[in-house]
Amino acid sequence: MFNLAFENFNEILYMDGHGIYVWSVYSIGTFLIFLSFLIAKKSIRDIQQKIKIKNASS
Amino acid sequence: MLMLGWTWGLLFAPQDAVQGNSYRIIFLHVPSVIFAELIYFFMAVCALMHLVWRVKLGAYLIKSAAPIGAMITFIGLLSGSIWGIPTWGTWWQWDARITSTLILFIMYLGILTLHGSFSNLEKADRLMSILVVIGVVNIPIIKKSVDWWSTLHQPASISVSGGSSIDPSMLYPLLISVIGLGFTLISLGILSSRSYIFIREKNKRWISENV
Amino acid sequence: MLRLVKAESFKLSKKLKSWLGPLLIMVLVLIAFPLSIDISQFDLDKFYFSIIIVSLLMTSFVATEGMFEEDFEDGSLEQEFLIEKDFYKLVLSKIFVYVCLIGIPIAFIGALFSFANGVAIGSFAKVFLLLSLSNLLLFNLFAFGNALSINKGAMLGVLSSLPLALPVIILLGTAVRSIQFGDGFAAIITLMIGVGLVMSAIMPLIISAALKTHID
């Protein structure tokens with residue numbers, strides 16, 4: 001169950017011709033999930049900044 | 001955990017006898033489609049909370065979960081499309097499961113657009129909740145679409161009650177990927193709901209005191 | 001209730017664009033469809049039902065577009081709310097009037113054109129019944145979309161109510177198959193009548209809740 005299914009790195013990338021589909025799906029998926037985290041983090045930072053400025057001015 | 005599931009599935013799980021290595025897309029495709037439906041179900045529960053008990057947090061959670069739901073449904077659709085090229089020889093088919101998932105994606109967009117169209121946010125919250133509750137009728141249809149229509153898409157390989165039709169060497173990484181994506185989405189949900197609560201409650205004293 | 005039905009019928013009959021527009025669109029699509037299929041004129045009956053389903057979706061959407069907009073803008077909705085404290089009766093009578101004045105004529109035109117497209121004459125009653133019931137279901141759904149978006153444009157109405165039309169389209173598809181193969185039609189029509197009755201009773205409640213949110 002825990003044996004590597006491929007002989008070498010090239011096989012992992014190529015996956016008998018299916019590598020382009022498999023790796024593109026995972027890259028896009030990871031990118032979108034990662035991007036969502038970044039957007040959420042940035043949004044929290046921005047709103048905290050605004051609240052801090054408001055607190056300081058009042 | 002998600003990385004463990006993906007690494008196991010991508011590198012260690014054996015090749016499928018029929019689909020070859022392209023089946024490895026399953027470790028992203030299946031979890032994302034499961035969560036596309038689960039997130040909508042969660043939103044429906046929040047919408048009921050908001051409509052019945054007037055809990056503001058219900059609406060905030062819907063508003064934070066809807067973009068995540070849309071994103072994960074898009075990933076599900078896209079991964080299914082790409083998987084379709086080597087498996088069915090076409091990237092899109094007006095097939096039951098694919099079409100109903102596209103409808104789910106449109107529902108997410110509809111909810112977001114509806115909320116964004118009103119400047120009165122309390123009104124937007126209520127209308128959005130009504131739409132979410134009514135839209136939940138589509139979830140069992142999406143779930144059962146492969147059984148009701150003649151379709152290219154295969155029936156579900158794993159189910160809560162009926163066991164599974166796939167080998168344990170593929171099933172375990174799949175289950176780990178499902179749980180891993182679940183945790184990832186929960187943490188994303190916590191982050192975005194935190195940010196949305198800040199935005200909506202920014203003028204309240206408890207927010208000013210805690211920032 | 002009768003007062004509302006009379007008032008709504010009067011209002012709709014005065015709005016020529018609202019009831020004549022969908023009928024003309026239906027006629028236009030049904031005339032244009034056989035002309036646009038040049039090679040396979042003999043297969044018209046096979047494509048007819050697909051075209052009619054898409055036309056129904058389109059015309060019922062156009063018919064219900066702006067269903068509540070004018071009432072919202074001229075204050076009639078508020079006035080009705082002050083009198084009745086609820087919109088249930090108003091919505092119910094509005095949908096009833098729209099189905100009678102627009103939905104049933106559309107169904108009649110659709111059934112009439114089915115002969116011209118090679119569908120058996122004996123199927124007229126079936127097609128008419130099927131299209132009338134579909135209109136009842138679709139009008140309820142699109143009225144809901146319209147009540148949500150009210151004066152925010154048609155796009156929002158489509159986005160919010162089109163996904164809900166999916167179950168209706170599944171039912172329609174099954175009913176069409178039963179007309180073409182001549183079996184199980186009674187069962188599917190009974191199911192559609194049941195769904196139509198439940199939807200006609202529940203949908204006005206939901207639409208009323210959405211309208212109240214706009215008035216609040």
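The coordinates are above.
Residues numbered from 1 in each chain as written. Chains lettered and ligands numbered in written order. Predicted model: local features only at pLDDT ≥ 70, side-chain atom pairs only at ≥ 80, totals over all residues. Heavy atoms only, no water.

S.K.: Now, about the overall build of chain A: what can you tell me, with residues and values included?
M.R.: Helix and strand counts for chain A come out as two helices and zero strands. For the C-alpha atoms alone, the extent of chain A along its principal axes is close to 65 × 25 × 15 Å. The proportion of buried residues among the 58 residues of chain A is 29%. Carbon and sulfur atoms make up 64% of the accessible area of chain A, which totals about 4100 Å². Taking the average location of the 6 positive side-chain charges in chain A and that of its 4 negative ones, the two points are 37 Å from each other. (Helix = DSSP H or I, 4+ residues; strand = E, 2+ residues; numbered from the N terminus. Buried < 20%, exposed > 50% of the residue type's maximum accessible area, 1.4 Å probe, protein only. Areas by Shrake-Rupley, 256 points an atom, 1.4 Å probe, with all protein chains shown as cover. Lys, Arg positive; Asp, Glu negative; His and termini not counted. Charge placed at Lys NZ, Arg CZ, Asp CG, Glu CD.)

S.K.: Give a detailed account of the interface of chain A and chain B, specifying residues and quantitative values.
M.R.: Taken residue by residue, the interface counts 33 residues in chain A and 41 residues in chain B. At the boundary of chain A with chain B, total buried surface from both sides reaches about 3400 Å², with 78% on carbon and sulfur atoms. For the pair chain A and chain B, the interface holds zero salt bridges. Taken together, the links from chain A to chain B amount to five residue pairs in polar contact (both at pLDDT 80 or more). Ranked by residue count, the leading element in the side of chain A that touches chain B is helix α2 (residues 19–57) of chain A, at 23 residues. Its residues assigned to classes, the side of chain A that touches chain B shows 20 nonpolar, nine polar and four charged. (Contact = heavy atoms within 4.5 Å. Buried area = accessible area lost by both parts, 1.4 Å probe. Salt bridge = Lys/Arg side-chain N within 4 Å of Asp/Glu carboxyl O. Polar contact = N/O pair within 3.5 Å; in protein donor to acceptor, adjacent residues only side chain to side chain. Nonpolar A, V, L, I, M, F, W, Y, C, P; charged D, E, K, R; others polar.)

S.K.: Please give an account of the interface of chain B and chain C that cites residues and values.
M.R.: The extent of an interface is frequently quoted as the accessible surface area lost upon association of the parts. Listed per partner, the contact involves 20 residues of chain B and 18 residues of chain C. Roughly 1900 Å² of surface becomes buried between chain B and chain C when both sides are summed, with 83% attributable to carbon and sulfur atoms. Connecting chain B to chain C are one residue pair in polar contact (both at pLDDT 80 or more). Of all elements in the fold, only α4 (96–116), α5 (121–135) and α6 (138–148) of chain B reach the threshold of two or more residues within the side of chain B that touches chain C.

S.K.: Can you tell me about the nonpolar core, naming the residues and giving the values?
M.R.: Residues B:Met43, B:Val132, C:Phe68, C:Phe144, C:Ile207 and C:Leu211 are the most contacted members of the largest nonpolar core, which totals 138 residues. Looking at which element gives the most residues to this core, the answer is helix α7 (residues 124–149) of chain C, with 13 residues. Setting aside residues up to four positions removed in sequence, C:Leu211 forms contacts with C:Phe68, C:Leu77, C:Phe87, C:Val91, C:Ala147 and C:Ile150. (Core = buried A, V, L, I, M, F, W, Y, C linked by side-chain atoms within 4.5 Å.)

S.K.: Give me α5(B): which residues, what numbers.
M.R.: All names here are of chain B. Along its 15 residues, α5 runs 21 Å from first to last C-alpha, staying within 8% of the 21 Å computed at 1.5 Å per residue. Of all the 15 residues making up α5, 12 are buried; the element is thus mostly covered by neighbouring parts of the structure. Buried within α5 are the following residues: Lys123, Ala124, Asp125, Arg126, Leu127, Met128, Ser129, Ile130, Leu131, Val132, Ile134 and Gly135. Structurally, the start of α5 carries an N-cap: the backbone nitrogen of Glu122 is 3.2 Å from a side-chain oxygen of Asn120. (Expected span 1.5 Å × (residues − 1).)

S.K.: Can you tell me about the environment of C:Ala201, naming the residues and giving the values?
M.R.: All names here are of chain C. Mapped onto the elements, Ala201 comes out in helix α10 (residues 185–215). Ala201 sits in the partly exposed class, given a relative accessible area of 37%. Residues Ala201 and Tyr88 lie 113 residues apart in sequence; the distance between their C-alpha atoms is 9.3 Å.

S.K.: Can you explain the arrangement of the chains? Please cite residues and give values.
M.R.: Considering every one of the two pairs of chains in contact, the largest contact total is recorded for chains A and B. At their nearest point, the C-alpha atoms of chain A and chain C are still 24 Å apart, with no contact between the two.

S.K.: Quick one: what's the story with the environment of C:Gly196, residue by residue and with numbers?
M.R.: All names here are of chain C. Mapped onto the secondary structure, Gly196 falls in helix α10. Each C-alpha atom, one on Gly196 and one on Leu2, is 21 Å from the other, the two residues being 194 residues apart in sequence. In this view, Gly196 contacts Leu136 and Leu137; residues no more than four positions away in its chain are not counted.

S.K.: Quick rundown of the packing of helix α9 (residues 166–181) of chain C against α10(C)? Include the residues and the values.
M.R.: All names here are of chain C. At a closest axis distance of 9 Å, the pairing of α9 and α10 adopts a crossing angle of 155°. The angle between α9 and α10 falls in the class roughly antiparallel. For the crossing formed where α9 meets α10, the hand is left-handed. Of α10, the residues touching α9 (which contributes Leu171, Thr174, Ala175, Ser178 and Ile179) are Phe185, Ile188, Leu191, Met192 and Val195. (Axes fitted to C-alpha atoms, helices over the stretch in contact; angles between N-to-C directions. Parallel < 35°, antiparallel > 145°, perpendicular 65-115°, else oblique. Left-handed = near helix turned anticlockwise from the far one by under 90°.)

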